Structures are given as structure tokens and as C-alpha cells.
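# What the coordinates show
Residues per chain, in single letters:
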Amino acid sequence: MKILVLNCGSSSLKYQLINMEDESVLAKGLCERIGIENSRIKHEGKGKYENICNMKDHKDAIKMVIDALLNPDYGVIKSIDEVNAVGHRVVHGGEFFSESVIVTEEVKKSLEECVELAPLHNPANILGINVCEELLKGKPQVAVFDTAFHQTMPEKAYLYAIPYEYYEKYKIRRYGFHGTSHRYISQRLSEIINKPLEELKVITCHLGNGASVCAIKNGKSVDTSMGFTPLEGLVMGTRSGDLDPAIIPYLCEKENMSVKEVEKVLNSKSGVLGVSCVSSDFRDIEDAVSKGDKKAESALELFYYRVAKYIGSYAAAMNGVDAIIFTAGLGENSPETRQNICNYLNYLGVQIDDQKNNCRGKETIISTENSKTSVYCIPTNEELVIARDTKCLLDK
Ligand code: ADP
């Protein structure tokens, strides 16, 4: 069985074709700048292929992907019929979906209802589904949600302390994101240590451009740092994370900005970019720190401190923690980040082995044998989860 995994962003499309016999990636790639000048496709299959071409919308992009998969030189399939199904990453499933589903007309209606909750992401996801229905007629489509894994959170974790009617009227609550990633790395941990997740208290730290922490007790998400939107929680590349809501009207007044403008500042000009005034990319900031840049140093300190505070609060929420896992761009590739966060965790008996921690992008236990809480680096694989869920639903 071959499954096409699609992750449609507002102007980008990431894809993988996965052979489910051995879970190998047959081809993968990226379409960028969809709907903008100089859109391009980067494809890796039997061979590599890169082309600047005009993709005016997601339909053009998906056509380009299909062409690339079928190409005799760099493609990997002879006929589109070799693709058995399509798995789509969908950002927001609201309270409708606590697991992945086969897309039906009814599912699509619920997805539309979630657009208000994720106006930047869900429309592109829905578009991807519609285009596939047209271009890959009759192939089952599955939606895998970023929010689904966190639907197990108890009310005390997901309710905000604002008038209850706003939850009832507008569904304002904590949803959480990166669920596919948190689920995958916690499952991998259970496989690596050969212990059922039902017996474990795990804190997973997905630290990429977007970043979130999740408390997983007995295999279920019981709390997570992103909230109603992916703006809450950790300090991120360009997002502020937690702040006093009173800052928003204050800034509106002082800077003569609209609420929308302030929201944009908090989403795209804040985080480590905002504090460092250098970059949203942690590599650039680490470089600046090594050259003595004080603001860059402050930005990193803020970032580490916030992650450590969340780990502490989730250890409290679960009354203990057996393992802490780092993943995503920064969590997988930056020993400095893992070390600096773990420096705050002596009280949990965390001891990091410097040599083991000097790893990038591979599954490694980075704590010492005597460490009371184990610490791991586990690369995430959201595409594989999407493909597995898709297969699982088809098998049913
Ligand atoms: P997203 O999927 O949210 O866009 P990623 O998980 O790909 O993000 O993470 C991207 C971030 O990871 C980059 O912004 C960069 O700061 C960080 N990163 C990647 N590799 C390294 C590295 N070797 N050292 C430090 N930071 C890194």
C-alpha cells in the first residue's frame, strides 16, 4: 500500500509518498510560493528535481506533485493508481475530532466550521482535500488533526477563566497543537524503553519554529502549552507565547495600532526575533551570542527559562515525571538548548551526559544512568503518523 501524505500551508505544500509495506519514504518534496511569483517545486524521488514554475493555486501544485511522482526520470510510480489513499494534515479539528477520520461530506462540513478557529491554516487544508477529490478521484482521503491528541485534556486544563458563556458561544478554550508530534515521540519512547505508555508520565518538548510542551499521563495528553491558537505558551521563533492580556490594549493605545496589528506583532515580530533583534532562527541567535550580543543572549535565556517553567508545571500537574523528550528542529539538533533547559531541572534529579547529549537528529538517551528522570532526544515524524493513521482507517 502506498500513501500520499500532504501538508498544505497557505502558500506551501509538503508531501511524501510512503510505502506502507516497510514504511519507507519513496519520494518527498515541497512546493513553495504557491500563488506568488517564482513558485517552485523541490522533489526527491528516484532522482532529485527542482523547477521554478508557475503554480497559481494548490490545484496547480498538486498537479506538479503528481507529475513529479510519475516522471520516468525522477518519479517513483508508473500510474497514479499505485497511490492507495491520501493522508492530509489538518491543523484544527475543534471539538469535533479526537482522532483521525476518513473524509466524508459530513466531515468536510465540520472542517468548514473550524475555519474560524484557524483562519490561516484550515482553508489551505480543506483546499488540499477538495483538489485531491478532483485529481485523485475515488481515492480515500484521511484527515489527521494537530488538535486531536489533546482532546483528552480535562476541563481544568482546557477551560480559560473567562465567562463560561464564551466557551459555549464561541468555543473559546485551549485546544493545543503539534498533537501528531507529541503522540509520535511518546509512542517511540514506549517502544524504545519497552514499557507501556499507560504506565508512564512523560513531558514532550516540541521545539521548532513553533514550539509547545505537552504533559502525557498514561498515554493521554493532559495539558499542553499552546492554547486557543498556536500563539500561547512558549517563547517561539516569532511568537510571543504567554503574556499579560492587558498589554494588548496598552500597546494599541501607545502605538496607535489596531488589535489586528498588535496580534500580527505578537505572531510574527515577537519571540526570540523580537527580543534578540537578530533573527527568528536559533542558529543565527547562537552565532550572535558567541560574538557577545547581549540581546541575543537575553532572547535565548527567556526561551530556556520558559520551557523549564512549563516542564516544572507539568511535573506538578502529573505529580511526577518519568521521562522528558526533546524533538523538532531545535530539540533534535541543538545540544546547547537541551543542556540549558535541563540546567533548571536538578530538583527532578535530571543529570545530562555531555557526550551523549552531543547528538543531532537521532534517537538518543541523553541523561546519565543515575539520572532520576530520563531525558531523550527523539526525532519526530509527523508524516509517518499521518500515513499510519490513514492505513489503519483503510484497513478497518
Ligand atoms: P517548523 O517545522 O516549526 O518550521 P522546525 O522544527 O523545522 O520548525 O525547526 C526549525 C528551527 O530549528 C529553526 O528555526 C532553527 O532555529 C532550529 N534549528 C535547526 N537546526 C538547528 C541547529 N543545528 N542548531 C540550532 N537550531 C537549529
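Placed above this text is the structure.
Structure report, in brief. Think of each chain on its own: its residues are numbered from 1, step by step along the sequence as written. Since the coordinates come from a predicted model, pLDDT governs what is reported: local features require at least 70, and pairs of side-chain atoms require 80 or more to be given and counted, while whole-chain, interface and lining totals use all residues. Think of the side-chain values as coming from all heavy atoms in the structure, minus any hydrogens and water.

## Things to note about the site of the ligand
- Residues in close proximity to the ligand include Gly-208, Asn-209, Gly-210, Asp-281, Phe-282, Arg-283, Glu-286, Ala-328, Gly-329, Leu-330, Asn-333 and Ser-334, which together make up its full environment.
- Separating an oxygen atom of the ligand from a side-chain N or O atom of Asp-281 is a distance of 3.2 Å.
- Polar contact is defined as a pair of N or O atoms within 3.5 Å, subject to the rule that within protein one atom must be able to donate a hydrogen and the other to accept it, and that residues adjacent in sequence are counted only when both atoms are side-chain atoms. Note that an oxygen atom of the ligand is positioned 2.9 Å from one of the backbone N or O atoms of Gly-329.
- Methods summary: accessible areas were calculated by the Shrake-Rupley approach with a probe of 1.4 Å, and residue burial reflects only the protein chains presented. Protein contacts shield 70% of the accessible area of the ligand, which totals 570 Å² for the unbound molecule.
- Where helices and strands are cited, they refer to DSSP runs of H or I of at least four residues and of E of at least two residues respectively, numbered from the N terminus. Breaking the shell around the ligand down by element, the ones donating at least two residues are α10 (282-290) and α12 (328-333).
- In terms of residue count, α12 provides more of the shell around the ligand than any other element does, four residues in total. When at least one non-hydrogen atom of a residue lies within 4 Å of a molecule or strand, that residue is treated as near it.

## Description of the sheet that holds strand β9 (residues 201-207)
- One open sheet accounts for six strands, arranged β11-β10-β9-β12-β14-β13; its pairing is mixed. What marks the edges here is a single partner per strand, and that holds for β11 (220-224) and β13 (364-365).
- Bridge analysis of strand β10 (residues 211-217) against β11 gives four bridges, and the strand direction is antiparallel. When the bridges of β11 are listed, Ile-216 appears paired with Ser-221. Pairing between strands is defined by DSSP: at least two bridges between them are needed.

## Let's talk about a nonpolar patch on the surface
- Residues with no salt bridge and a relative accessible area higher than 30% make up the patches, which join like charges within 9 Å and nonpolar side chains (Val, Leu, Ile, Met, Phe, Trp, Tyr) within 5 Å. Salt bridges, as used here, are contacts in which a Lys or Arg side-chain nitrogen is within 4 Å of a carboxyl oxygen on Asp or Glu. A contiguous nonpolar surface patch, about 280 Å² in accessible area, is contributed by Ile-162, Tyr-166 and Tyr-170.
- By the element assignment, Tyr-166 lies in helix α5 (residues 164-170).

## Points about the nonpolar core
- By nonpolar core we mean a set of buried residues, namely Ala, Val, Leu, Ile, Met, Phe, Trp, Tyr and Cys, connected to one another through side-chain atoms within 4.5 Å. The cut-offs for exposure are 20% and 50% of the maximum accessible area for each residue type, with area from a 1.4 Å probe on protein chains only; residues under the lower value are buried, those over the upper are exposed, and the others partly exposed. The biggest cluster of nonpolar side chains holds 41 residues, and the ones touching the most others in it are Ile-203, Leu-207 and Ile-324.
- Elements supplying a minimum of two residues to this core: β9, β10, α10, α11 (294-317), β12 (323-327), α13 (335-342) and β14 (374-377).
- Looking at which element gives the most residues to this core, the answer is α11, with 10 residues.
- Filtering out sequence-adjacent residues up to four positions away, Ile-203 remains in contact with Val-213, Cys-214, Ile-311, Tyr-314, Ala-315, Met-318, Val-321, Ala-323, Ile-324 and Ile-325.
- The next biggest cluster of nonpolar side chains, apart from the first, holds 28 residues, and it includes Cys-8, Cys-31, Met-64 and Tyr-74. Should any heavy atoms of two residues lie within 4.5 Å, those residues are counted as being in contact.

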